[in-house]
Amino acid sequence: MDFFKKKGVIMLLLIKAMNVFSQSGVGNHEPALQLNATYKGDFVHNFKGGIAIGSTYLGLADLFVSFSTEKAGLWKGGEFLVHGSNTHGGEPTAELVGDFQGISNIEAGNHTFLYELWVRQKLFNVTATVGLQDLNVEFANSNVSSLFLNSSFGINSVIATNIAAPIFPVTKPGITLSADISKNITLKSAVYKGCPVDFEANPYNLNWNTNYQDGLLFIIESQYAWTGSNERYNLVKGGVFFHQYCPVEQMYNHQSTHLLKSQGIYLVGEHQLSLTENEGEGLKIFYQGAFSPGNENFGYFGAGFSYTGLLSSKDSDVLGLAFSDGMRDNDCGNNEISYELTYKVQLSDQIYLQPDMQYVVHPGGTESRLGNAIVGLLRVGMEF
């Protein structure tokens, strides 16, 4: 594990040096080539229940290299992105808790891999993205729920556990189209190669089987955004997905549930309930739901709130409370319900701390009957 930690630190030092160079534009003009990096590290301790009581550490280092054709004086609306990642450390869900929703959204083992590689072009009100992509960047996401560390608040468990979707940590090539129909309405659609191969057979995520005859994932989403009274922001989005059959030799695991055609629907909403004198502060809520008949985890519902600026005057702290319910078929056991209380405080422009507590009812990631788990996390985040 020390080896992978060293790799993450070396990556961050290199990124920082390159970032200073890349952002030395002329005057006030932003450079066409930009390098950015983030690092997240989670200290995790399971106090009770689950698989075992104990502690672990895990980390995620990300490097982003982007290029704007417009800023380079070539043509308008063009963008390229290369995104590499390094994950390292323990696996608290697999080793300590045994939940299937994932208490930490950076858990992936010890790997260095290509995460995104795409080209994007905007023309009038339509944006097309082609290449290696993460479905959850464009679909089924919420800005409010992204505060929380449990994986289900990022991508709902119906998509994450039932289909071979291109999401963290293994992505696949795809084509995404997004159209701004009006000021309030946006339509998105995508087709992805929906059979990600695990790191054992594809250690750097460079093995892209682009056979269009099997294993495709289709998704369509519509979203409606509006500003309510007192400039309060609101957003509701809904989508449908359909996943084709995956040949067993293409699967990242051989679980039979992944070999069936699967379809489902989802809904995501977020609303600003109150504002303070400082823009961005106040109370926000979110809710998420998903349904996919015939699967072991056939349904999901999550909801919560965040309050920005509770103890600060510069929007530098956020308090959040949320729960998620991963609904399982009666033959598979009880629903897995997770409660999360979190508090994120920005120490500087580049560093934040986020203590976090989670209570997991009926951890469902193993065949054994596991006791309810009480888990504490402390995330350290850096952005360059």
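Fair warning: this is a prediction, and the values are worked out from it, not measured in the lab. (Residues numbered from 1 in each chain as written. Predicted model: local features only at pLDDT ≥ 70, side-chain atom pairs only at ≥ 80, totals over all residues. Heavy atoms only, no water.)

### Examining empty space enclosed by the protein
- Per the stated rule, a full pass over the model turns up 1 cavity of 30 Å³ or more.
- The wall of the largest cavity is formed by Ala140, Asn156, Tyr266, Leu267, Val268, Gln288, Gly289 and Tyr300.
- Secondary structure elements with two or more residues in the lining of the largest cavity: strand S10 (262–272) and strand S11 (282–291).
- For the lining of the largest cavity, the leading source of residues is S10, giving 3 residues. (1 Å grid on protein atoms, 1.4 Å probe; cavity = no way out; pocket = protein on both sides within 12 Å on 5 of 7 lines; lining within 4 Å. Points joined across faces, edges and corners; volume = space filled by probe spheres on them. Helix = DSSP H or I, 4+ residues; strand = E, 2+ residues; numbered from the N terminus.)

### Quick notes on a nonpolar patch on the surface
- Residues Leu74, Trp75, Phe80, Val119, Val126, Val130, Ile175 and Leu177 make up a contiguous nonpolar surface patch of about 660 Å² in total accessible area.
- Looking at the nonpolar patch, the elements that each hand over two or more residues are strand S5 (126–133) and strand S6 (172–180).
- By the secondary structure assignment, Phe80 is in strand S3 (residues 78–89).
- Looking at Phe80, the relative accessible area reads 34%, which means it is partly exposed. (Patch = residues over 30% accessible without salt bridge, like charges linked within 9 Å, V, L, I, M, F, W, Y side chains within 5 Å. Areas by Shrake-Rupley, 256 points an atom, 1.4 Å probe, with all protein chains shown as cover. Salt bridge = Lys/Arg side-chain N within 4 Å of Asp/Glu carboxyl O. Buried < 20%, exposed > 50% of the residue type's maximum accessible area, 1.4 Å probe, protein only.)

### Some remarks on the pattern of salt bridges
- This model, assessed by the stated rule, comprises 6 salt bridges.
- The partner of Asp42 in a salt bridge is Arg379, with the nearest N and O atoms 2.7 Å apart. Remark: Arg379 occurs in strand S16 (residues 371–383) and Asp42 occurs in strand S1 (residues 33–50); sequence separation between them is 337 residues. Assigned by exposure class, Asp42 and Arg379 land together as buried.

### A short note on the pairing of strand S2 (residues 54–68)
- As judged from the 14 bridges shared by S1 and S2, these two strands associate in the antiparallel manner. Residue pairing in the sheet places Leu33 in a bridge with Phe67 of S2.
- The turn linking S1 back onto S2 is made up of 3 residues.
- In the sheet, S2 pairs with S3 via 11 bridges, with the strands oriented antiparallel. Its bridge partner being in S3, Gly59 is matched across the sheet by His88. (Pairing = 2+ DSSP bridges.)

### Overview of the environment of Glu281
- The residue Glu281 is located in the loop between S10 and S11 in this model.
- Residues Glu281 and Thr308, spaced 27 residues apart in sequence, show a C-alpha to C-alpha distance of 4.7 Å.

### Thoughts on the packing of aromatic side chains
- A full pass over the atoms with the stated rule returns 13 aromatic pairs.
- Ring plane angle 55 degrees and centroid distance 4.7 Å describe the contact between Phe43 and Tyr57, whose orientation is recorded as tilted. Remark: Tyr57 occurs in strand S2 and Phe43 occurs in strand S1; sequence separation between them is 14 residues.
- Tyr57 gets classed as buried once you look at its relative accessible area, which sits at 15%.
- Ring geometry for Phe301 and Phe323: centres 5.9 Å apart, planes at 55 degrees, overall tilted. With Phe301 in strand S12 (residues 297–308) and Phe323 in strand S13 (residues 317–328), the pair connects residues that are 22 residues apart, well separated along the chain.
- Taking relative accessible area as the criterion, Phe301 reaches 35% and is therefore assigned partly exposed.
- Given a relative accessible area of 29%, Phe323 falls into the partly exposed group.
- Aromatic ring contacts, followed pair by pair, group Phe113, Tyr115, Phe168 and Phe199 into a single cluster.
- Positioned above the aromatic ring of Trp118, the side-chain terminus of Arg120 is 4.1 Å from the ring centre.
- Above the face of the Tyr352 ring, Lys344 is positioned so that its terminal group lies 4.2 Å from the ring centre. (Phe/Tyr/Trp six-rings, centres within 6.5 Å; stacked < 30°, edge-to-face > 60°. Lys NZ or Arg CZ within 6 Å of the ring centre and 35° of its normal.)

### Side note on unusual backbone geometry
- Cis peptide bonds are those with omega within 30 degrees of zero, and the linkage from Phe168 to Pro169 qualifies with 5 degrees.
- Here Pro169 is to be found in the loop between helix H4 (157–162) and S6.
- With a phi angle near 60 degrees, Phe124 is a residue other than glycine that sits in the positive phi range.
- Note that Phe124 resides in the loop between strand S4 (111–123) and S5.
- For Phe124, a relative accessible area of 74% translates into the label exposed.
- Even without being a glycine, Asn205 presents a positive backbone phi close to 55 degrees.
- Tracing the backbone through its elements, the reader meets Asn205 in the loop between strand S7 (185–193) and strand S8 (216–227).

### Notes on the environment of Val236
- With respect to the helices and strands, Val236 occurs in strand S9 (residues 233–243).
- A sequence separation of 31 residues divides Val236 from Leu267, and the C-alpha atoms of the two residues are 7.5 Å apart.
- For Val236, the residues in contact, after removing those within four places along its chain, are Ser222, Gln223, Tyr224, Trp226, Leu267, Val268, Gly269, His271 and Tyr287. (Contact = heavy atoms within 4.5 Å.)

### Focus: the pairing of S13
- The pairing of S12 with S13 spans 11 bridges and is antiparallel. If you follow Thr308 over to S13, its bridge partner there is Val318.
- Strand direction decides the pairing type here: S13 and strand S14 (residues 336–346), joined by 10 bridges, are antiparallel. Bridge pairing in S14 places Gly326 opposite Glu336.

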